[in-house]
Amino acid sequence: MSNIYKVLKTDSEFLTAALKQSQVDILECRGDLGGCIIDCGGPVQKWSPVSVKVADAYYMRNEFEFRMVLA
């Protein structure tokens with residue numbers, strides 16, 4: 001995982017990541033795997049106020065952190 005990233009939180013940030021087809025990594029925010037990388041997914045495919053689709057998998061926005069890889 002790259003050390004240079006931007007945490008995606010807003011719809012406009014997800015839109016930017018989707019348009020750029022940027023690599024997005026998904027991290028668990030709570031539970032036993034809190035702070036662990038769950039998936040080094042790929043580009044954002046869809047998003048809503050509740051979930052984000054990355055690499056054909058859906059993730060709940062309130063349970064995961066989405067990091068757009070910058071370098």
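The model shown is predicted, which means the values in this text are computed figures rather than measured ones. (Residues numbered from 1 in each chain as written. Predicted model: local features only at pLDDT ≥ 70, side-chain atom pairs only at ≥ 80, totals over all residues. Heavy atoms only, no water.)

Examining the overall build of the chain
Across its full length, the chain holds one helix and seven strands. Its helices and strands taken in sequence order, the chain reads β-α-β-β-β-β-β-β from the N to the C terminus. Once local pairs closer than 6 in sequence are excluded, the contacts in the chain between residues at least 24 apart make up 49%. Carbon and sulfur atoms provide 53% of the accessible area of the chain, an area that totals close to 4,300 Å². (Helix = DSSP H or I, 4+ residues; strand = E, 2+ residues; numbered from the N terminus. Contact = heavy atoms within 4.5 Å. Areas by Shrake-Rupley, 256 points an atom, 1.4 Å probe, with all protein chains shown as cover.)

Concerning the nonpolar core
Ranked by size, the top nonpolar core spans 13 residues in total, and within it Leu8, Val44 and Phe66 carry the most contacts. Secondary-structure elements contributing two or more residues to this core are helix H1 (11-20), strand S2 (24-28), strand S5 (51-54) and strand S7 (64-69). Setting aside residues no more than four positions away along its own chain, leucine 8 makes contact with Glu13, Phe14, Ala17, Val24, Phe66 and Met68. (Core = buried A, V, L, I, M, F, W, Y, C linked by side-chain atoms within 4.5 Å. Buried < 20%, exposed > 50% of the residue type's maximum accessible area, 1.4 Å probe, protein only.)

Brief notes about the packing of aromatic side chains
Aromatic rings considered in pairs are described by the distance between their centres and by the relative angle of their planes. Per the stated rule, a full pass over the model turns up three aromatic pairs. Measuring from ring centre to ring centre gives 5.5 Å for phenylalanine 14 and phenylalanine 66, while their planes differ by 75°; the resulting arrangement is edge-to-face. Taken together, the positions of phenylalanine 14 in helix H1 and phenylalanine 66 in strand S7 put the pair 52 residues apart, joining distant regions of the chain. We classify phenylalanine 66 as buried; its relative accessible area is 2%. (Phe/Tyr/Trp six-rings, centres within 6.5 Å; stacked < 30°, edge-to-face > 60°.)

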